[in-house]
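# Overview (structure and organization)
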There are 2 protein chains.
Amino acid sequence: MAELNGVRPVNQRNVTISESFFKNLMRLASENIIPYQWEALNDNVPGAEPSYCIRNLRAAAGRIKEPHGGCVFQDSDLFKWIEAAAYMLMWKEDPEIERHIDETVQLMEEAQQPDGYLDTYYILTGIDKRWTNLRDNHELYCAGHLIEAAVAYFRATGKRRLLDVAIRYVDCIDARFGPEDGKVKGYPGHEEIELALVKLYEVTGDEKHLKLAHYFIEQRGQKPLYFDIEAEKRGDGQGWSRGPYSGNRYYQAGAPVREQKKALGHAVRQGYLLSGMADVARETGDKSLTEACKTMWKDITRRQMYITGAIGQSAYGEAFTMDDDLPNDLIYGETCAAISLYFFAQRMMRLDLRGEYGDAMDRLLYNGTISGMNLRGDRFFYVNPMESWPARNAGNQQFAHIRSERQKWFGCACCPPNLARMISSLPGSVLYQKADTVYVTLFTSCEAKLALDGGEAAFAVETGYPWDGRVTVRMRKAFPGMTLALRLPAWCKTYRLNVNGEYARSIMDDGYLFLTRDWQAGDEVEFDMDMPVTVVRAHPRIRADIGKIAVQRGPVVYCLEEVDNGANLPALSVRADAKFELHRDEAVLGGIPTLACDAKRLTETGWDEYETYCDRHAPVKEDVRAVFVPYYAWNNRGTGEMLVWVREEA
Amino acid sequence: MAELNGVRPVNQRNVTISESFFKNLMRLASENIIPYQWEALNDNVPGAEPSYCIRNLRAAAGRIKEPHGGCVFQDSDLFKWIEAAAYMLMWKEDPEIERHIDETVQLMEEAQQPDGYLDTYYILTGIDKRWTNLRDNHELYCAGHLIEAAVAYFRATGKRRLLDVAIRYVDCIDARFGPEDGKVKGYPGHEEIELALVKLYEVTGDEKHLKLAHYFIEQRGQKPLYFDIEAEKRGDGQGWSRGPYSGNRYYQAGAPVREQKKALGHAVRQGYLLSGMADVARETGDKSLTEACKTMWKDITRRQMYITGAIGQSAYGEAFTMDDDLPNDLIYGETCAAISLYFFAQRMMRLDLRGEYGDAMDRLLYNGTISGMNLRGDRFFYVNPMESWPARNAGNQQFAHIRSERQKWFGCACCPPNLARMISSLPGSVLYQKADTVYVTLFTSCEAKLALDGGEAAFAVETGYPWDGRVTVRMRKAFPGMTLALRLPAWCKTYRLNVNGEYARSIMDDGYLFLTRDWQAGDEVEFDMDMPVTVVRAHPRIRADIGKIAVQRGPVVYCLEEVDNGANLPALSVRADAKFELHRDEAVLGGIPTLACDAKRLTETGWDEYETYCDRHAPVKEDVRAVFVPYYAWNNRGTGEMLVWVREEA
């Protein structure tokens, strides 16, 4: 079961997060999000759209008589919630939540069919129709989330019942799909089970589980196209396979995965597929699959990703479109898509320990993922725009996908539990290890212990990241020759690295600073990254951002809000050499740093009401102070305009 | 029948267009568009989507057995074509076209039902279902176009057969709908018949025809809402009444017309409704209806109209959205919508002779309407964007409504015949008259004669407009005290006005220059408008255009094309004080003036391929020459990018 390249994340049980940005998020998850979502899953949140999840399961278990409610993939919300809660149980005891899960597992056992099948949609709407529409009906996707939940709960508690449910369901799936003669040559319309099966393999060690994941990835897009065969049998059309997505490209199923060079189609599907591909590449040592992952990583992060890490430019199908097409207003930028890219980055890190992947994880963590929820953790965005004009979101139906305010819950509530599981599993992304090196990848205060090849190590990290660039590592236990690798983020231009108060020579490689020493318990490493406000531009090939700048400090992208700057934010412009002042005020967004600088505002001076287009008026600008707040924290002070990319004042 | 305010357009039979921009358009219409469209209506154009128009009519006449083909409103394409051809017959004999029309009228007589009903869709698909879906199924809309065709053909040829068909159909409609007890309180889902009935009234003098138009306008949006009653009877939903268009606002039927203060919903519907309202206001002298028209005129032209005159911001429903929401890329800007605004402007002119309406007619004529066809008149745009990026039109489904190239014909081919009728009726918009004043409103070379209150007048106009601002009027026949009013366009800042070579004192009022004299035959008026290139800005409330400029010369808006300026047009920027050079080269777009100026182009210098967002690169710009071509003439030299609003270089 050891990974072929020897890289692995440090077990999240061995990383205890102390007071920090992460701890705050995790507290939000454990105190608000996870309990709140349990109520949502039970349809107990007044004014929120019903989830039906538990009701569906109770009906499938035969305890009540109710029709299936919600989307065809409704089960997955529940499974993601179990997974999130399971991670939480690794760092916080919560007997009530554990009891909820155990009771849910009991229902799942009751609902599970004799052959292992377990999907409430088909159990309640007609099991004879199961497996007839892999393209659209998400059975294998839901199965993937069931598996992920089972693995997490087993790892958290050691309880096997849910794991056994999952294994039985996988047996049922494996009996039906696979490369062997007589088996159906299908694969999921929404990828997810691939990465889940690799997780299952990591706990079971059963090669069958890895093989099935491998099969789903290799079969995808092979001719004849399975979804076409299936659609013809059903006598229905091409689903989302229209325009740029024709020939099943919407599902990343138009060609074998190694032949796909550009991210296209549904963004979450794409992110999960790539995560599964990277998992299989790692576990099988398949170099061409690794190369395919790298090609796609580059396409996404260099040509199709917003500055916040958001991906999926188009509301039409929640999808990728094409290189350099990054409209700031029309953007979809689904929270789940950003999370899927975070998962992919985690896997790329395990394939190849490079700072670039950690930079992307930072970009996603502090911007495009957590923007999906409010600071209290009880309201959620599905879509995360780079600019929002509430009047237009309401008045122009083409922008109707952009909600001006976060919502309590959604009928299709994939994003909130996805955020919960990302947050509650944060301890698992902080440190990676390989041989005698520990890679400090995400910066957070924590206590860590781990077994390296050369011995045991333990240390404490202390930092105010992402608001402060100083990171202190105190060795509790170490051994000579051990290497401490500190990620040097791309945003960091100057830093100081001392050990026990003295300059320490390090080696920089692939975005990490490597310190190898005769470590002693008590050694103190001080890594002090200067964190000025920076003015960022986009590559000139990204048309939507030409002539504009974005403001960033450390990994945090900032934005303008109407509440601070008045309406018509596009009328503001900022010089690239503006001097920024940092403010922290407990009364404003709980004291997170805001920024202010001199700016110009285009006025209506000289214009008459009746003039629309006119050659008589030179622009008249007034001096104003512009106030920027962290992007993720927007829309926490009422509804108003928001803008990330600001016009550059010459 | 005299209009209450005494304003009327000079009869188009009395305005003979000489060699000019208009003449070129009319030649295109008579030699290319009208004959080509006849072939299209007969499904004889290889590679074009079939029209089915003549086939439907032949089937409805019982001559062949074929199902109905095309849209529910397919008949209207044929009727608009007849109308266009009829106008053409006023200035050009064409026995073959006249024969086609007569044969078509014969088919219409055969297809017309005993009670006068005549709509091939319901005749062929089940006449028992007629009048059951006024909201969506366009019967009254098609009837309106039938009436317009009949009036035009009667005026052109004096032949009554089609007029009688129309009158019988109107009798059928009048028997069913109206304010009287026992009649259905319906009105059209797509307005058009209102303005058509007023045209019919102008030739028949039958008050019933005006009354029916008046009824349709007054009943619209009265509670209980007719479309809701009808939908409930059919047991179906709200149609386009979603989001901003809820409550039938998409159809301008959510409130009585005087209570509607903002243009909303389907743009062509809105334009036709307002045209009909203005017609009824004029013919009835209804002041509150006139005020309603003025309110809507202001909303459209000041808050919801593009610089080319294009209207309808949203592809979702081809519709208006809200004030100041004028996205340049997502725009719909249907050709027919611009034409509908042109019709509305014509009517506003008849309500109140103001230069503003003439300015709008100019803006529409030289930009947003004729951009709908190529210079040969055989390819058509439905959508007229302010910028086009062909790769994205293909790669991002949200932009799929923007065709990168004009098309041969459309399944829903409302725009080509609409353009044809606008062009072939151009002589009717050149001059307006009131009492002893003749208003030279559109500038074109022509010979005109007219009867004013004080006597007969005749004169010749000579001009190279819109490329040259000099307009010469030579009196052939005139009388003392007659007034010549010359429109002074808003774009014109300086001009000279001489009579017989000497300065002539004029009075400026409402956008016209008034010259009252003891006119003699042989008097020569020289109106010489300076026509420099101007750099236009949009009102700062229009967010999409902030920081950008547009280039205009006279009434003609210019644009950048990839063929002249390379790809990535948003990388170009132009100073507001740029010096423009004018070029005319027969080999380039047939010799229409193009413009060139110094510009900057943002380069990729300093950027590495792998950098997407970076704080290290100040913009590096290179000096280039930018070439601008008239907007309407874009996409006549292959497929490529196009851009109207260019970033302003500081």
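Worth saying up front: this structure is predicted, and the values here are computed from it rather than measured.

This part covers the overall build of chain A. Scanning chain A from terminus to terminus reveals 17 helices and 26 strands. In terms of overall dimensions, chain A is globule-like: its C-alpha atoms have a radius of gyration of 25 Å, near the 26 Å expected for 650 residues. With respect to the three principal axes, the spread of C-alpha positions in chain A is 75 × 70 × 45 Å. Within chain A, contacts between residues at least 6 apart in sequence are counted, and of these 70% link residues at least 24 apart. When the 78 basic and 93 acidic side-chain charges of chain A are each reduced to a single mean position, those positions are 2 Å apart.

Next up on the list: the state of the cysteines. Here the structure, examined in full by the defined rule, presents zero disulfides over all chains. With no disulfide partner, Cys492(A) has as its closest neighbouring cysteine sulfur the one in Cys614(B), 14 Å distant. Not part of a disulfide, Cys172(B) finds its nearest cysteine sulfur in Cys142(B), a span of 14 Å.

On to the sheet that holds strand S2 (residues 15-17) of chain B. Residues and elements named next belong to chain B. Overall, antiparallel pairing links the seven strands, which are arranged S2-S8-S9-S10-S16-S12-S13 in an open sheet. Each having just a single partner strand, S2 and strand S13 (502-503) make up the two edges of the open sheet. Here two bridges tie strand S12 (residues 495-499) to S13, and the two strands are oriented antiparallel to one another. The residue of S13 that forms the bridge with Val499 is Glu502.

On to the packing of helix H3 (residues 75-91) of chain B against helix H6 (residues 139-157) of chain B, then. All names here are of chain B. Here H3 crosses H6 at 20°, and the two axes come no closer than 8 Å. Classified by the interaxial angle, the pair formed by H3 and H6 is roughly parallel. The element H3 and its partner H6 pack so that their crossing is left-handed. Taken together, the residues of H6 that come into contact with H3 (itself represented by Asp75, Ser76, Phe79, Lys80, Ile82, Glu83, Ala86, Tyr87, Leu89 and Met90) are Tyr141, Cys142, His145, Leu146, Glu148, Ala149, Ala152, Tyr153, Arg155, Ala156 and Thr157. Of the residues contributing to the contact of H3 with H6, the split by class is 13 nonpolar, three polar and five charged.

The next subject is the packing of helix H7 (residues 161-176) of chain A against helix H8 (residues 193-204) of chain A. All names here are of chain A. Between H7 and H8, the shortest axis-to-axis distance is 12 Å and the interhelical angle comes to 125°. Put simply, H7 runs oblique to H8. Along this stretch, H7 crosses H8, giving a crossing that reads as left-handed. Every residue of H8 that contacts H7 at Leu163, Ile167, Val170 and Ile173 is listed here: Ile193, Leu197, Leu200, Val203 and Thr204. Considered class by class, the residues forming the contact of H7 with H8 number eight nonpolar, one polar and no charged.

Moving on to the packing of aromatic side chains. All names here are of chain A. Counting across every chain of the model gives 74 aromatic pairs over all chains. Ring centres of Phe21 and Trp467 lie 5.9 Å apart, and the angle between their planes is 70°; this geometry places the pair in the edge-to-face category. Remark: Trp467 occurs in the loop between strand S9 (455-463) and strand S10 (470-477) and Phe21 occurs in helix H1 (residues 21-41); sequence separation between them is 446 residues. Using a relative accessible area of 12% as the deciding quantity, one classes Phe21 as buried. Note on Trp467: relative accessible area 10%, which makes it buried. Here the aromatic rings of Tyr366 and Tyr465 are separated by 5.7 Å at their centres, their planes lie at 70°, and the arrangement is edge-to-face.

It is common to report an interface's size as the accessible area lost on association of the parts. On the chain B side, the residues contacting the 69 residues of chain A number 69 residues. Taken together, both faces of the contact between chain A and chain B bury some 5,800 Å²; the carbon and sulfur share is 57%. Its largest share of buried area at the contact with chain B, chain A owes to Gln397(A), Arg543(A) and Tyr613(A), together 15% of the area lost on that side. Run the count over chain A and chain B and you get seven salt bridges. As a salt-bridge pair, Lys493(B) and Asp615(A) come within 2.9 Å of each other at their nearest N and O atoms. At the level of elements, helix H12 (287-303), helix H15 (390-395), strand S17 (533-538), strand S23 (613-614) and strand S26 (646-649) of chain A are the ones that each hand at least two residues to the side of chain A that touches chain B. Considering every element that reaches the side of chain A that touches chain B, the biggest residue donor is S17(A), with five residues.

Once that is clear, we can look at the relation of the copies chain A and chain B. Each copy of the sequence occupies a distinct position, and chain A is placed on chain B by a rotation of 180° and an axial shift of 0.0 Å, giving an RMSD of 0.0 Å. Such a combination of turn and shift is consistent with a two-fold rotation axis. Distance from the rotation axis, computed per C-alpha, reaches its smallest value in chain A at Ala650(A): 3.2 Å. Looking at chain A, 100% of its interface residues are interface residues in chain B too, so the copies touch through the same face.

The next subject is helix H9 (residues 207-219) of chain A. All names here are of chain A. Its 13 residues give H9 an end-to-end C-alpha distance of 18 Å, which sits within 8% of 18 Å, the value for a rise of 1.5 Å per residue. Three or more residues of H9 are buried, namely His209, Leu210, Leu212, Ala213, Tyr215, Phe216, Ile217 and Gln219. Those residues of H9 that are buried are in contact with helix H6 (139-157), H7, H8, helix H11 (267-284) and H12. The N-cap residue of H9 is Asp206: its side-chain oxygen and the backbone nitrogen of Lys208 are 2.9 Å apart. Immediately beyond the C-terminal end of H9, within one or two residues, lies Gly221, with a positive phi of roughly 75°.

Residues and elements named next belong to chain A. One pass over the full model with this rule turns up 119 salt bridges over all chains. Its salt-bridge partner being Arg234, residue Asp236 comes within 3.0 Å of it at the nearest N-O pair. Residue Arg354 is joined to Asp510 by a salt bridge in which the shortest nitrogen-to-oxygen separation is 3.3 Å. Residue Arg354 is located in the loop between helix H13 (335-351) and helix H14 (355-368), and its partner Asp510 is located in the loop between strand S14 (507-509) and strand S15 (512-518); the two are separated by 156 residues in the primary sequence. A relative accessible area of 29% places Arg354 in the partly exposed class. According to the relative accessible area criterion, Asp510 is partly exposed, its value standing at 34%. Connected through salt bridges with shared partners, the residues Glu202, Asp279, Arg282, Glu283, Arg347 and Arg350 form a single ionic network.

Our focus in this paragraph is the sheet that holds S10(A). Residue and element names in this part refer to chain A. Strand order in this open sheet of seven strands is S2-S8-S9-S10-S16-S12-S13, and the pairing throughout is antiparallel. Pairing within the sheet leaves two strands with one partner each, and these edge strands are strand S2 (15-17) and strand S13 (502-503). In the sheet, strand S8 (residues 446-452) pairs with S9 via seven bridges, with the strands oriented antiparallel. Across the sheet, residue Cys446 finds its bridge partner in S9, namely Val461.

Moving on to the environment of Thr534(B). Take Thr534(B): it is sitting in strand S17 (residues 533-538). For the pair Thr534(B) and Gln552(B), spaced 18 residues apart in sequence, the C-alpha to C-alpha distance is 5.3 Å.

About the cut-offs
- Residues numbered from 1 in each chain as written.
- Chains lettered and ligands numbered in written order.
- Predicted model: local features only at pLDDT ≥ 70, side-chain atom pairs only at ≥ 80, totals over all residues.
- Heavy atoms only, no water.
- Helix = DSSP H or I, 4+ residues; strand = E, 2+ residues; numbered from the N terminus.
- Rg over C-alpha atoms; globule rule 2.2 N^0.38 Å.
- Contact = heavy atoms within 4.5 Å.
- Lys, Arg positive; Asp, Glu negative; His and termini not counted.
- Charge placed at Lys NZ, Arg CZ, Asp CG, Glu CD.
- Disulfide = S-S within 2.5 Å.
- Pairing = 2+ DSSP bridges.
- Axes fitted to C-alpha atoms, helices over the stretch in contact; angles between N-to-C directions.
- Parallel < 35°, antiparallel > 145°, perpendicular 65-115°, else oblique.
- Left-handed = near helix turned anticlockwise from the far one by under 90°.
- Nonpolar A, V, L, I, M, F, W, Y, C, P; charged D, E, K, R; others polar.
- Phe/Tyr/Trp six-rings, centres within 6.5 Å; stacked < 30°, edge-to-face > 60°.
- Buried < 20%, exposed > 50% of the residue type's maximum accessible area, 1.4 Å probe, protein only.
- Buried area = accessible area lost by both parts, 1.4 Å probe.
- Salt bridge = Lys/Arg side-chain N within 4 Å of Asp/Glu carboxyl O.
- Least-squares fit on C-alpha atoms with pLDDT ≥ 70 in both.
- Expected span 1.5 Å × (residues − 1).
- Polar contact = N/O pair within 3.5 Å; in protein donor to acceptor, adjacent residues only side chain to side chain.

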